[in-house]
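Close look at the chain arrangement
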Amino acid sequence: MKKLLDLKETGKMLLDAKQIALAIHMSPDGDAIGSALALARVLRAYGKEVTIFVDDIIKGFKFLPDIKTIKIDADLDKITEPLHFDLLCILDCSTINRIGRIKEKVLADKYLNIDHHISNEGFVDYTYLDGDAAATAEIICQLAKAMQWTVDKQTANYLFTGLYTDSGSFAYSCTRPETMCAGAELLQAGAEPHKIDEAIDVMDKDTLWLLTKALNTMTFDFDGRLAYMWVDREIYAAKQKSADTDSFVNYPRRIEGVEVAVFFKEVDENITRLSMRSKKIDISKIALLFNGGGHERAAGCTIHKPLKEAIADFLSVIKDRIDN
Ligand code: AMP
Ligand code: MN
Ligand code: MN
């Protein structure tokens, strides 16, 4: 039986467990990582044994203490028999697919999902969902408040990283008064926005190389209302391990007159990932058509086809929607 929890019930479920696994989505972003590290830190202060899992490598965020404690894809490779926990709490994910192999390798008595994606399917028994929250980190701030959990400086920096990245530095349309209030409270708790911003706003040379390749593919359609760019799998493979493509979709997004921006990344022979941004239409509906998800203005999905076919599939579904 599926149940939507309130904040207190969510907090209680976490405190009732002793051995807790936290899972975050593949291609982990600042919100997923920051929320998990913060929640783990709070729960460890209550004597809980907490392990964070992600079925991927982590690019960037080296400035966050404890980032190395997160179990990544190489650690999952070593798990031959499923691990067992009292609770598996899945953060910042709207579908089970987003945690990859964790669903087979990490089992638990209870499953909880804390999330802010409007496309959330309610895929486990217990869910705390706030589709209006700018970030999962915003929810964790509210959870800490409801439970009177102490947010120390390190926890505040983790949560600020999540809030700051998912809200586009408190500027995207998902930013609401509660987002700013949470940010202010984190500042009071010792968060250091300037340090976080400095650490996030750097680009390594491999990423720059890949970005120049992608920019060269910039293509416009529908009188310039759609802009998209791509990297094919040969180009991607050259810098796959080092380059961080998270911000690439912002380049088509910021072009004058563009309403829908997409970055296509061919990660393997028949796997193309789409990162989509919109200024008008609800792009999460497009993502859902391809079994992805996200928010009204930022969404993603994976199409199990080569790049060219994935682009064609996307164009065929966006056609009617961008015209209206
Ligand atoms: P991104 O373009 O990767 O920054 O993702 C934009 C938003 O869509 C984020 O909130 C993601 O969590 C969500 N998202 C991206 N890819 C997927 C996917 N394959 N399935 C569900 N949600 C996704
Ligand atoms: Mn995320
Ligand atoms: Mn998020």
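See the structure printed just above.
Note that the coordinates shown come from a computational prediction; the quantities given were computed from them, not determined experimentally. (Residues numbered from 1 in each chain as written. Chains lettered and ligands numbered in written order. Predicted model: local features only at pLDDT ≥ 70, side-chain atom pairs only at ≥ 80, totals over all residues. Heavy atoms only, no water.)

Attention now moves to the site of ligand 1. Taken together, 13 residues lie near ligand 1, and His117, Ser275, Arg277, Gly293 and His295 sit nearest. For ligand 1, an oxygen atom lies 3.0 Å from a polar atom in the side chain of histidine 295. Glycine 300 has a polar backbone atom sitting 3.3 Å from an oxygen atom of ligand 1. Across the complex, the protein chains shield 83% of the 480 Å² of accessible surface that ligand 1 would expose by itself. Elements supplying a minimum of two residues to the shell around ligand 1: strand E10 (271-278), strand E11 (293-294) and strand E12 (298-303). If you tally residues by element for the shell around ligand 1, the top one is E12, at 4 residues. (Near = heavy atom within 4 Å. Polar contact = N/O pair within 3.5 Å; in protein donor to acceptor, adjacent residues only side chain to side chain. Areas by Shrake-Rupley, 256 points an atom, 1.4 Å probe, with all protein chains shown as cover. Helix = DSSP H or I, 4+ residues; strand = E, 2+ residues; numbered from the N terminus.)

Turning our attention to the environment of leucine 88. Mapping leucine 88 onto the fold places it in strand E4 (residues 83-91). Judged by relative accessible area, which is 1%, leucine 88 ranks as buried. In this structure, the C-alpha to C-alpha distance between leucine 88 and asparagine 216, residues 128 residues apart in sequence, is 43 Å. (Buried < 20%, exposed > 50% of the residue type's maximum accessible area, 1.4 Å probe, protein only.)

Here we take up the coordination of the manganese ion (ligand 2). Around the manganese ion (ligand 2), the protein contributes the donor atoms His25 (NE2), Asp29 (OD), Asp29 (OD) and Asp92 (OD), at 2.0 to 2.8 Å from the metal centre. Mapped onto the polypeptide sequence, the residues donating to the manganese ion (ligand 2) form the spacing pattern H-x3-D-x62-D. For the pair the manganese ion (ligand 2) and the manganese ion (ligand 3), the metal-to-metal distance amounts to 3.6 Å, and aspartate 92 bridges them. With histidine 25 in the loop between strand E2 (19-23) and helix H2 (30-45) and aspartate 92 in the loop between E4 and helix H4 (102-105), the pair connects residues that are 67 residues apart, well separated along the chain. (Donors = N, O, S within 2.8 Å, 3.2 Å for Na, K, Ca; no water.)

Let us look at the pairing of strand E8 (residues 226-231). Burial analysis of E8 places 5 of its 6 residues in the buried class, which makes it a mostly covered element. Hairpin connection between strand E7 (residues 219-221) and E8: a loop of 4 residues separates the two successive antiparallel strands, and phenylalanine 222 in this loop has a positive phi of roughly 50 degrees. Pairing geometry for E8 and strand E9 (residues 260-268), over 6 bridges, is parallel. What sits directly across from alanine 227, in E9, is alanine 261. (Pairing = 2+ DSSP bridges.)

In short, geometric facts, not functional conclusions.
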